[in-house]
Amino acid sequence: MTLYLDTDQSNQGWETFEYVINKSKASENTVVLEKFTGNGYGSEKVADCEYKVDGRFMTVKVKKSDLGL
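Given the structure is predicted, the values throughout are model-derived calculations rather than measurements.

What should I look at first to understand the packing of aromatic side chains in this one?
By convention here, two paired aromatic rings are described through the distance between centres and the angle between planes. In the structure shown here, the tally under the stated rule is six aromatic pairs. For the pair Y4 and W14, a centre-to-centre distance of 5.3 Å together with 35° between the ring planes defines the contact as tilted. Within this pair, whereas Y4 is found in strand β1 (residues 3–5), its partner W14 is found in the loop between β1 and β2 (19–21), the two being separated by 10 residues in sequence. W14 sits in the partly exposed class, given a relative accessible area of 26%. Look at F36 and Y41: their rings are 5.5 Å apart centre to centre, the planes differ by 45°, and that puts the pair in the tilted class. In this structure an aromatic cluster arises from ring pairing among Y4, W14, F17, F36 and Y41. Positioned above the aromatic ring of Y41, the side-chain terminus of K23 is 4.3 Å from the ring centre.

Quick look at the structure:
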């Protein structure tokens, strides 16, 4: 699953999204948070984020500071 985040309501990033989670392969305990560079679908890694799956629910912990908030 890929999760796209629009954090500032601007038209920057890819299709207005500034961040993407899980564009790059996840590990057993973390997913990768990346920021779109403005060059098409290009992105750069910002941080590894913890995640947990419990039955049909998935929780991802993302620090506000990693999102520039």
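Having seen it, we continue.
I keep staring at the side chain of E34 and nothing clicks. Help me out?
For E34, the location among the structural elements is in strand β3 (residues 30–36). Of the side chains with opposite charge, K23 lies nearest to the buried E34, which makes no salt bridge, at 4.6 Å. Among the polar contacts made by the side chain of E34, one reaches the side chain of S24 at a distance of 2.6 Å. One polar contact links E34 to S43, side chain to side chain, over a distance of 2.5 Å. Setting aside residues no more than four positions away along its own chain, E34 makes contact with E18, Y19, V20, K23, S24, S43, E44, K45 and V46.

Looking at this structure, I do not really get the pattern of salt bridges. What am I missing?
Should the charged atoms of two oppositely charged side chains come close, the side chains can pair. Taken as a whole and judged by the stated rule, the model has two salt bridges. Here K45 makes a salt bridge to D48, at a shortest N to O gap of 3.2 Å. Between E50 and K61 there is a salt bridge, with the nearest N and O atoms lying 4.0 Å from each other. Of the two residues, E50 is situated in strand β4 (residues 43–54) and K61 in the segment after β5 (57–60); the sequence distance between them amounts to 11 residues. Residue class for K61 comes out exposed when judged on its relative accessible area of 56%.

Would you mind going over unusual backbone geometry with me for this structure?
Glycine aside, negative phi is the norm for most residues, and most peptide bonds take the trans geometry. Residues other than glycine seldom take positive phi values, yet T16 does so here, at roughly 75°. Of note, the phi angle at N22 is positive, near 80°, even though the residue is not glycine. With respect to the helices, strands and loops of the structure, N22 is situated in the loop between β2 and β3.

The rules behind the values
- Residues numbered from 1 in each chain as written.
- Predicted model: local features only at pLDDT ≥ 70, side-chain atom pairs only at ≥ 80, totals over all residues.
- Heavy atoms only, no water.
- Phe/Tyr/Trp six-rings, centres within 6.5 Å; stacked < 30°, edge-to-face > 60°.
- Helix = DSSP H or I, 4+ residues; strand = E, 2+ residues; numbered from the N terminus.
- Buried < 20%, exposed > 50% of the residue type's maximum accessible area, 1.4 Å probe, protein only.
- Lys NZ or Arg CZ within 6 Å of the ring centre and 35° of its normal.
- Lys, Arg positive; Asp, Glu negative; His and termini not counted.
- Salt bridge = Lys/Arg side-chain N within 4 Å of Asp/Glu carboxyl O.
- Polar contact = N/O pair within 3.5 Å; in protein donor to acceptor, adjacent residues only side chain to side chain.
- Contact = heavy atoms within 4.5 Å.

In short, shape yes, function no, at least from these values alone.
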